[in-house]
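Here are the chains, one letter per residue:
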Amino acid sequence: MSNGAIRIPYDRMEDFLREVFSKLGVPNPDASICASHIVEADRRGISSHGVNRMKPFYYERLRKGLQKPVTRMEVVRETPTTAVVDGNFGMGHVIGKRSMEIAIDKAHEYGMGMVAVRNSTHYGFAGYYTKMAAESEMIGICGTNARPSVSPTFGTEGMMGTNPLSYSFPTDEEFPFVLDCATPITQRGRIEYYAREGKEVPPGWVIGSDGEYRTDTEGILRALERGEAAFLPLGGRGEESGGHKGYGYCAVVEVLSSALQAGPFLKSITGVNVGHFFMAVDISSFRDPEEFKKDAGEIMRRLRGSRKEPGRERIYTAGEKEFIHYNETKEKGLLLNGSIARDMADMREDLGIEGFDTDFV
């Protein structure tokens, strides 16, 4: 393959990441959760949150002591249907999974459950957690704040995080509905991936402090760190195309990820003190789950069967493309570009991991 790109089986990649996390002091059960989540992102085509982030995010933060390898999350406030969790700066994937499990357990017993989390770290892609609820015949909702990088409408300063919002529910089809969207047009992970691929950012995604669009990928990443560039909210610049709507949803996620659990917000967020929220709603509290799934599936089928734009072959519904990618690549394995493969090799050498000597060459 060109540019040093290689393919590696998903299971093999997961084994390697588990070894990396274990070598960094993450207990084996938690290392398995983290590795599984990261590889699941790539399995579903969400490359912005897959192995692309392993070295610059999790590996470097653990090596520098910015987050704790041993997760000691604590429930600091609780009612039958709610809980507030302090993650104590542990592994975000572990905190996220356990928090959604708490919400699901409460929903099983009382019909609904919600957990608000403070002092967590990057938890991967939000759809992972809402899909957990869908697999339990529930509606799942979750979101997280993040380092400030998104400007409010009519502004040029990064004030809010990329603040993804996710919804999932089961259907009678082979895959659930899973909507997982950052509330700006794009997010940092995609810019990082573009940088690895040597691509420029399309105009209209990022605004400089001078109010002009920026497309220089490497320069954007540096400017984001300096506070000299910002992502535009969903809908883009101004109000004419609905940018104020994306701004509003971004603010909703910020509040539910901070004010509800007494956590930091806006420019107090460093990336290793983020907040999340998780909600689970038991469908059986409203109607028979099988009947709900039948209706939900029929809504999706009618949407896909509607009149298409000229030149378009098909219409998709949320979660469908990820399901297709999963099936199309499960035998091929994960495609790593040369840059990411070198990251894997570097971690292998740095940590003295044996048994993977020929995987990243």
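Each remark here, short or long, concerns the structure printed above.
Please read all numbers here as calculations on a predicted model, not as lab measurements.

Caption draft 1: Up close: the overall build of the protein chain. Tallying secondary structure elements over the protein chain gives eleven helices and twelve strands in all. Relative to the globule expectation of 21 Å for 361 residues, the C-alpha radius of gyration of the protein chain, 20 Å, shows essentially globular dimensions. For the protein chain, the spread of C-alpha atoms along the principal axes amounts to about 55 × 50 × 45 Å. Counting across all 361 residues of the protein chain, residues that qualify as buried make up 54%. Summarising the internal contacts of the protein chain: among those between residues at least 6 apart in sequence, 68% fall at separations of at least 24. By element, 49% of the accessible surface of the protein chain is carried by carbon and sulfur atoms, the whole surface being about 16500 Å². Here the protein chain contributes 45 positively and 52 negatively charged side chains, and the mean placements of these two sets differ by 2 Å.

Caption draft 2: Just the sheet that holds strand E5 (residues 138-144), in detail. Taking strand neighbours across the sheet as the criterion, the seven strands line up as E2-E3-E4-E11-E5-E6-E7 in an open arrangement whose pairing is mixed. Among the strands making up the open sheet, the edge pair consists of strand E2 (74-78) and strand E7 (177-181). Averaged over all pairs of adjacent strands, the angle between their axes in this sheet comes to 15°, without regard to strand direction. Relative to strand E4 (residues 112-120), strand E3 (residues 82-86) is paired through five bridges, and the arrangement is parallel. For valine 85, the partnering residue across the bridge sits in E4 and is valine 117.

Caption draft 3: How the structure looks around the sheet that holds strand E10 (residues 229-231). Spatial ordering of the open sheet is given by E9-E8-E10, a layout of three strands whose pairing is antiparallel. The strands lining the two open edges of the sheet, one partner per strand, are strand E9 (213-214) and E10. The pairing of strand E8 (residues 206-208) with E9 spans two bridges and is antiparallel. Within E9, the position partnered with valine 206 by the bridge is arginine 214. Across the sheet, helix H7 (residues 217-226) is in contact with E8, E9 and E10; its angle to E10 comes to roughly 100°.

Caption draft 4: Spotlight on the pairing of E4. The buried fraction of E4 amounts to seven of the nine residues, a majority that puts the element mostly inside the structure. With respect to chirality, the unit in which E3 leads through helix H4 (residues 92-110) into the neighbouring parallel E4 is right-handed. In terms of strand pairing, E4 meets strand E11 (residues 274-282) through seven bridges, oriented antiparallel. Bridge pairing links valine 117 to histidine 276 in E11.

Caption draft 5: Expanded view of the pattern of salt bridges. According to the stated counting rule, one finds 28 salt bridges in the structure shown. Two residues, arginine 18 and aspartate 15, come together in a salt bridge whose shortest N-O distance is 2.9 Å. Of this pair, arginine 18 and aspartate 15 both sit in helix H1 (residues 10-23), three residues apart, which is roughly one turn of that helix. Given a relative accessible area of 23%, arginine 18 falls into the partly exposed group. Across the pair glutamate 137 and lysine 293 runs a salt bridge, and its minimum N-O distance is 2.9 Å. Taken together, the positions of glutamate 137 in the loop between helix H5 (127-135) and E5 and lysine 293 in helix H9 (residues 289-304) put the pair 156 residues apart, joining distant regions of the chain. On the basis of relative accessible area, glutamate 137 is assigned to the partly exposed category, the value being 28%. Under the relative-accessibility criterion, lysine 293 is labelled buried at 13%. Each member of the salt-bridge network shares a partner with another, and the members are Asp172, Glu173, Glu298, Arg301, Arg302 and Arg304.

Caption draft 6: Fine view of unusual backbone geometry. In this structure, asparagine 88 is a non-glycine residue whose phi angle is positive, near 50°. Even without being glycine, leucine 266 reaches a positive phi, approximately 50°. As for its position among the elements, leucine 266 is in the loop between helix H8 (243-256) and E11.

Caption draft 7: Inspection of the nonpolar core at higher detail. Membership of the largest hydrophobic core comes to 35 residues, with the highest contact counts inside it found for Met13, Phe16, Leu17, Phe21, Leu336, Met344 and Phe360. Broken down by secondary-structure element, the contributors of at least two residues to this core are strand E1 (6-8), H1, helix H2 (28-43), helix H3 (54-63), strand E12 (334-336) and helix H11 (338-351). Contact partners of methionine 344, with chain neighbours within four places excluded, come to Met13, Phe16, Leu17, Val51, Met54, Leu336 and Phe360.

Criteria and cut-off values
- Residues numbered from 1 in each chain as written.
- Predicted model: local features only at pLDDT ≥ 70, side-chain atom pairs only at ≥ 80, totals over all residues.
- Heavy atoms only, no water.
- Helix = DSSP H or I, 4+ residues; strand = E, 2+ residues; numbered from the N terminus.
- Rg over C-alpha atoms; globule rule 2.2 N^0.38 Å.
- Buried < 20%, exposed > 50% of the residue type's maximum accessible area, 1.4 Å probe, protein only.
- Contact = heavy atoms within 4.5 Å.
- Areas by Shrake-Rupley, 256 points an atom, 1.4 Å probe, with all protein chains shown as cover.
- Lys, Arg positive; Asp, Glu negative; His and termini not counted.
- Charge placed at Lys NZ, Arg CZ, Asp CG, Glu CD.
- Pairing = 2+ DSSP bridges.
- Axes fitted to C-alpha atoms, helices over the stretch in contact; angles between N-to-C directions.
- Right-handed = clockwise from strand over helix to strand, strands pointing away.
- Salt bridge = Lys/Arg side-chain N within 4 Å of Asp/Glu carboxyl O.
- Core = buried A, V, L, I, M, F, W, Y, C linked by side-chain atoms within 4.5 Å.

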